[in-house]
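Residue-level structure breakdown
Each chain, letter by letter, is given below.
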Amino acid sequence: MALLTVKFDLKKRVKLAQTVWFMYWFAVMAGVLVFSMGLFFKIELRKRSELMDNSESHLLPNLLILMGLVLCAINAVGGKICYDSLDPSKFSKWKPLLGAFLGGCVAFNALLLLTALLCFLMRIPLQFTLAEGLRNAVRFYKDTDTPGRCYMKRTVDLMQMEFRCCGSRDFRDWFEIQWVSNRYLDFSAKEVKDRIGSNVDGQYLMDGVPFSCCNPSSPRPCIQFQMTNNTAHYSYDHYTEELNVWRRGCSEALLAYYGGMMNTIGALVILVTLLEVGVTVGLQYVQSSLASLANPEDPESESEGWLLEKSVRETFTDITAKMKAVGKGAKVEEGGEEAAAPPAAS
Amino acid sequence: MPLMPVKFNLQKRVKLAQGLWMLYWVSVIVGILIFSLGIFFKVELRKRSEMMDNSESHLVPNLLILVGLLTCGFNAFGGKVCHDSLDPMKFAKWKPMLKQYFMAGLGFNVVLLVVALLCFLMQFSVYLTLADGLKYSIRFYKDTDTPGRCFMKRTLDMTQIEFRCCGNNNFRDWFEVQWISNRYLDMSNDEVKDRVLSNVDGKYLMDSVPFSCCNPGSPRPCIQHHLTNSSAHYDYDLRSEELNIWTRGCREALFSYFSYMMNSIGALVIFTILLESADMAGLKYLTTSLEAMADPENPECESEGWLLEKSVKETIAEALGKVKALVKPNQVQEGGEAPAT
C-alpha cells in the first residue's frame, strides 16, 4: 500500500516536471544565498576578531559556506534530472542513480535542519568569547607601543563609537584598569605618584572614560574625567545623568548585533530546508510516476506516483533489513566461498 | 549624396535590428541608474542639509530624476520600434512618428549635455553653501535648548566623527566661538568671569575642541582641552602633534565627498549622451534601410541605409530654409493669393 498516491496522465506529468524544475532553480538561488550569508558572517567575525582575542569559533560560517555550495550542486543536478525526465532516452541514464540521489537529498535536508539549529545555539559560546575578549581589549587599550596590540586602542575606540557602547559590562570597567599609557604620565608629579601609590598593583586608575564613550546626543559637552565627582562640574549629578556617556556595555551591544545576524540566518536556513523538502518530494513523485508507467513505450499512458512505495513502517523495516543484509554480506560471502570451494575440489 | 551610406541585405538588417534592440535595453538600464543616482544624491543632500543651513539647491538631483525617467521612456519606445521593425505591418504604424522621434532625440541629447555641465559646475555652489552652513553650525553648536536647533550639536558631532574632520577650515574655528552652553557655566566662578570679560562679545572662549574631533588612531588618550598650551600636558607639543585630533576641516571633507559623487554622475551622463547618439544613429540606419527597399513585398532584397539624406551642409541649409518658412509664412501666402485672384 503506497503512501500518498496520485494519478498522473501525460499533461500532469509534464506540468509536475516543469514546476519541480522551476523550484530547483529557486533552490539553486537559495544555495547561493546561504553561501553568501556564510561568507558575510565570516567576514564580520574576522573584522572584529581582535576584540574577541582572535579565538572566536568559525564553525558556523564555514558550515554555511559548505552547505551553500553543496546545495547549489545538488539542486543543479536535480534540475537537470527534472529537465531530462520528459525525454525517456535521457531519463534512462539517470534512472539507476535516482534512488541513491533521493536518499542523499533526505540526509542533506537533515543536515540543513541541524545547521539551522546550530545558528540559534552558537549564540551561547559567542557570549563567553565576547565577554572574555572585550575584557582583554579594555585591558590592552593603553598598549599602543606593544607590537601586535598597537591597534587595539583604535579598534576599541571605533567599536565604542559604532556600536554606541562603553566598556565590557558598562562604563565602570574603565575605572578598574589603567587606560593611559605610562609614556604619557609624568611620574615626577605628585598627583600621579599619589594615584599610583593608592592601589596594590601600582596602576594609574581614575574615574574617567575615553572619548569614544561620549554620547553626541548629550546637550552639554562631554564629561569624560572625574565622572563620580559631582562638585568637579557645574550642575552635574552622576546619578541622574543619562545622556553623557553610552550606558550600554559593549558585550551586550556586540552580542545583540551578532545574535540578530545569526537569528536571521537561522530563519532563512529553515525556509531553505522547507524548500529543499518540497523539491525532494516533487522529484520523488516525478521518479515514481515515470517508473510506474503502464506501457513504457507509450508516453501518453496513465501512471501512478507515490511518496513511499510501501507504508512508513514497512519502508522502515525494509531499510533495517537491507542494513542487516549489508552487515552480514561479508559473512554470506565467506560462507558461499567455503561451500563452493569443497564441491569444486571434490 | 547621402552621408555615410551602408548597404544592407536581409541578414544584415536583422542583425542590426537585434543588436540595436539589445543596445536600447542597456540604455533603459542606464536610465534607471541615472534615476536612482538622482534619488541617492537627493537623499544625501537632505541628510546633511542641516550642515548647509537648509539652503542647498536641489536643482541637480531633481533634474537627474527627471532625465532618468525620460531616458527610460525614450529608450523603451526606441526598443519597441526596433522589435517591430522586422515585421512590415507593425513597422508601418511607427513610420509616421519617426521624424519627430529623431528631432526629440536630438533635443534630449542637448538636455543631457546641459545636465552634465550642471553636474560639474554646481560644485561651486555646493562649496559656498557648505562654507556658510558650517560656519552657522559651529556657532549654533551650543544651542541645544533652542527649538529648531537642538539637534545641531548631535548632527555636527556625528558629521565630524563620520567624515574625520574638525571645524570649518580647521580645528581653530572652535577657538573662536563659545561652544559650551551658558547653562553649564558657573557664572559665579572667577575663572569663568575672567574668560567672559576677556573679549568684547562676552563669550566664554577657550582653546579646546569637542570630543568628536578626536582621532582614534592617536597612541595617547585624546587631548581636547588646553590645546595650545604645551606645558599643560606631559610630553606634548602642539606643533608636532598630528594624530591627536583630525587636522582636516569639515568643509573640505564634505566638499570632496559631494564633488566625487557629482563628478561620477556627470561622467555617467556623458556616457549616456554617447550611448543615445549611438542608439539614434543605429535606428536611423535601420529605418532608412527599411524605407529604401527596392521591392517592398520581397523582404530579402538589398537596400541602402544612411545617416543623413543629403550632406551635412545641405541638411543644415534645408533646416534653416524650413525655419525661415515657418517664420515668414504670411508673405509666401500673400504672394500665392495675389496671382490666383
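Residues numbered from 1 in each chain as written. Chains lettered and ligands numbered in written order. Predicted model: local features only at pLDDT ≥ 70, side-chain atom pairs only at ≥ 80, totals over all residues. Heavy atoms only, no water.

**What about the overall build of chain B?**
Operational definition: Every helix listed is a DSSP run of H or I at least four residues long, and every strand listed is a run of E at least two residues long, numbered separately from the N terminus. The size measure is the radius of gyration over C-alpha atoms, and the globule rule it meets is 2.2 Å times the number of residues to the 0.38 power. Any two residues whose heavy atoms approach within 4.5 Å at even a single point are treated as in contact. A 1.4 Å probe and the Shrake-Rupley method give the accessible areas. Residues count as covered only by the protein chains that appear here. In summary, the charge assignment counts Lys and Arg as positive and Asp and Glu as negative, without counting His or the chain termini. To locate a charge, take NZ of a lysine, CZ of an arginine, CG of an aspartate or CD of a glutamate.
Along its length, chain B carries 9 helices and 2 strands. Along chain B, from the amino end to the carboxyl end, the secondary structure elements read β-α-α-α-α-α-α-α-β-α-α. The C-alpha radius of gyration of chain B comes to 32 Å, more than 25% above the 20 Å expected for a compact globule of 341 residues. Taken along its principal axes, the extent of the C-alpha atoms in chain B is 105 × 55 × 35 Å. Put simply, 72% of the contacts in chain B that link residues at least 6 apart link residues at least 24 apart. Taken as a whole, chain B presents about 18500 Å² of accessible surface, with 63% of it coming from carbon and sulfur. Where the 35 positive side-chain charges of chain B centre and where its 37 negative ones centre are 3 Å apart.

**Here's the deal with the interface of chain A and chain B**
Heads up, the condition is: Put simply, buried area is the surface a 1.4 Å probe can reach on two separate parts but cannot reach once they are joined, added for both. By definition here, a salt bridge exists when the distance from a side-chain nitrogen of Lys or Arg to a carboxyl oxygen of Asp or Glu is within 4 Å. We call two N or O atoms a polar contact when they sit within 3.5 Å, provided that within protein one can donate a hydrogen and the other can accept it, with sequence-adjacent residues counted only if both atoms are side-chain atoms.
Contact with chain A, which involves 25 residues of that partner, is made by 25 residues of chain B. Interface area, chain A with chain B, both sides summed: about 2300 Å², of which 69% is carbon and sulfur. At the junction of chain A with chain B, the criterion picks out 0 salt bridges. The interface formed by chain A and chain B includes 6 residue pairs in polar contact (both at pLDDT 80 or more).

**Some words on the packing of aromatic side chains**
As a reminder, the rule being used: Only rings of Phe, Tyr and Trp enter the pairing, Trp through its six-membered ring, and a pair is recorded when the two centres are within 6.5 Å. The plane angle decides the type: under 30 degrees is stacked, over 60 is edge-to-face, the rest tilted. Note on classification: 1.4 Å probe, protein chains only; a residue is buried when its accessible area is under 20% of the maximum for its type, exposed when over 50%, partly exposed between these limits. For a Lys NZ or an Arg CZ to count as sitting over a ring, it must be within 6 Å of the ring centre and within 35 degrees of the ring normal.
Per the stated rule, a full pass over the model turns up 28 aromatic pairs over all chains. Between Y136 of chain B and F140 of chain B, the ring centres sit 6.0 Å apart and the planes meet at 10 degrees, which makes this aromatic pair stacked. Judged by relative accessible area, which is 17%, F140 of chain B ranks as buried. Here the aromatic rings of Y141 of chain B and W174 of chain B are separated by 5.0 Å at their centres, their planes lie at 75 degrees, and the arrangement is edge-to-face. Of this pair, Y141 of chain B sits in the loop between α4 (98-139) and α5 (152-163) while W174 of chain B sits in the loop between α5 and α6 (190-197), and the two are 33 residues apart along the sequence. For Y141 of chain B, a relative accessible area of 1% gives the class buried. Ring pairs connect the aromatic residues F74, F77, W94, Y101, F102 and F108 of chain B, which therefore count as one cluster. In this structure, K12 of chain A packs its charged tip against the face of F8 of chain A, placed 5.7 Å from the ring centre.

**Points about the pattern of salt bridges**
By the definition in use, this model includes 23 salt bridges over all chains. The partner of E191 of chain A in a salt bridge is R195 of chain A, and the shortest N-O contact between them spans 3.0 Å. Pair noted here: E191 of chain A and R195 of chain A are both in helix α6 (residues 190-197), with a separation of 4 residues, about one helical turn. Take E191 of chain A: its relative accessible area is 44%, and that puts it in the partly exposed class. Residue class for R195 of chain A comes out partly exposed when judged on its relative accessible area of 26%. We note a salt bridge from D143 of chain B to K142 of chain B, for which the minimum N-O separation is 3.4 Å. Residue classification places D143 of chain B among the buried positions, given a relative accessible area of 11%. Of the residues examined, K142 of chain B reaches a relative accessible area of 22% and is grouped as partly exposed. Three or more residues joined by partner-sharing salt bridges are found here, namely E44, K47, R48 and E162 of chain A.

**Let's talk about the nonpolar core**
Our working definition: What makes a nonpolar core is a set of buried Ala, Val, Leu, Ile, Met, Phe, Trp, Tyr and Cys residues whose side-chain atoms join them at distances within 4.5 Å.
Ranked by size, the top nonpolar core spans 81 residues in total, and within it F41, F171, W174, V209, L227, V269 and L283 of chain B carry the most contacts. Residue assignment for this core shows that the elements contributing at least two residues are α1 (10-47), α2 (59-84), α3 (88-94), α4, α5, α6 and α7 (250-291) of chain B. Counting residues in hydrophobic clusters, the runner-up holds 76 residues, among them F91, I196, M206 and M261 of chain A.

**Details of the side chain of S212 of chain B**
Summarising the element assignment, S212 of chain B is placed in the loop between α6 and α7. Setting aside anything within four residues of it in sequence, one finds S212 of chain B in contact with D157, Q160, I161 and W246 of chain B.

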